[in-house]
Amino acid sequence: MVTYVIGRVTKNHDPDWLGEYLEKIEPLLLRHGAKVLCRSFAVEKFEGTESPPAAVVLIEFPSAEHAHAWYQDEDYGPLIRLRQSGSETEIELLG
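Let me sum up the structure you'll find in this document. (Residues numbered from 1 in each chain as written. Predicted model: local features only at pLDDT ≥ 70, side-chain atom pairs only at ≥ 80, totals over all residues. Heavy atoms only, no water.)

1. With respect to the sheet that holds strand 2 (residues 35–40)
Think of a sheet as strands paired side by side through backbone hydrogen bonds, with each pair either parallel or antiparallel. Stated precisely, the cut-off is as follows: Only when DSSP finds a minimum of two bridges between them are two strands counted as paired. Helical segments are the DSSP runs of H or I of at least four residues, strand segments are the runs of E of at least two, and each set is numbered from the N terminus. Interaxial angle, 0 to 180 degrees, is taken between N-to-C directions of lines fitted to C-alpha atoms, where a helix line uses only the stretch in contact. It only takes one pair of heavy atoms within 4.5 Å for two residues to be counted as in contact.
Spatially, 4 strands are ordered 2-3-1-4 in an open sheet, and the strand pairing comes out antiparallel. At either margin of the open sheet sits one strand with a lone partner, and together these are strand 2 and strand 4 (87–94). Neighbouring strand axes in the sheet, compared pairwise and without regard to direction, differ in orientation by 15° on average. As judged from the 7 bridges shared by strand 1 (residues 3–12) and strand 3 (residues 55–61), these two strands associate in the antiparallel manner. Each bridged residue has a counterpart across the sheet, and for Ile 6 the counterpart in strand 3 is Leu 58. Across the sheet, helix 1 (residues 17–31) is in contact with strand 1, strand 2, strand 3 and strand 4; its angle to strand 2 comes to roughly 160°. The strands that helix 2 (residues 64–72) touches are strand 1, strand 3 and strand 4; relative to strand 1, the one it contacts most, it runs at about 40°.

Written out as structure tokens, the structure reads:
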């Protein structure tokens, strides 16, 4: 069953991580059958009291198993650390 991952950059302390991350994440997502449905760096808040995130991404996976395999892929570990070195993020699986 198709599942989705939402990633939200809640704080971006140092944007230097972004270029390398975006370059290397695409092939990794493709390897796990994923498709980026939306990526936005201009988030507008309609409701709520929290500040809008600096960026949001919505990724479609063929299944929750594919999403878990992507997140646990040994090639993703360095990218997670890279992302975390310059930002605070929330990653959620919608199943």
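2. With respect to helix 1
Short version of the rule: By this rule the span expected of a helix is its residue count minus one, scaled by 1.5 Å. Bend is computed residue by residue as the angle between axes fitted to the seven residues ending at the residue and the seven residues starting at it. Working definition: with a 1.4 Å probe on protein chains only, accessible area under 20% of the residue-type maximum means buried, over 50% means exposed, and in between means partly exposed.
Between its terminal C-alpha atoms helix 1 stretches 22 Å, which fits the 21 Å expected from 15 residues at 1.5 Å a residue. Along its length, helix 1 shows its largest kink, about 30°, at Ile 25, and proline Pro 27 lies within four residues downstream of that point. Within helix 1, the full set of buried residues consists of Trp 17, Leu 18, Tyr 21, Ile 25, Leu 28 and Leu 29. Buried residues along helix 1 sit in contact with strand 1, strand 2, strand 3, helix 2, helix 3 (77–86) and strand 4.

3. Section: the pairing of strand 1
Here strand 1 runs beside strand 4; their pairing, made up of 8 bridges, is antiparallel. Counterpart to Gly 7 in the pairing with strand 4 is Ile 91.

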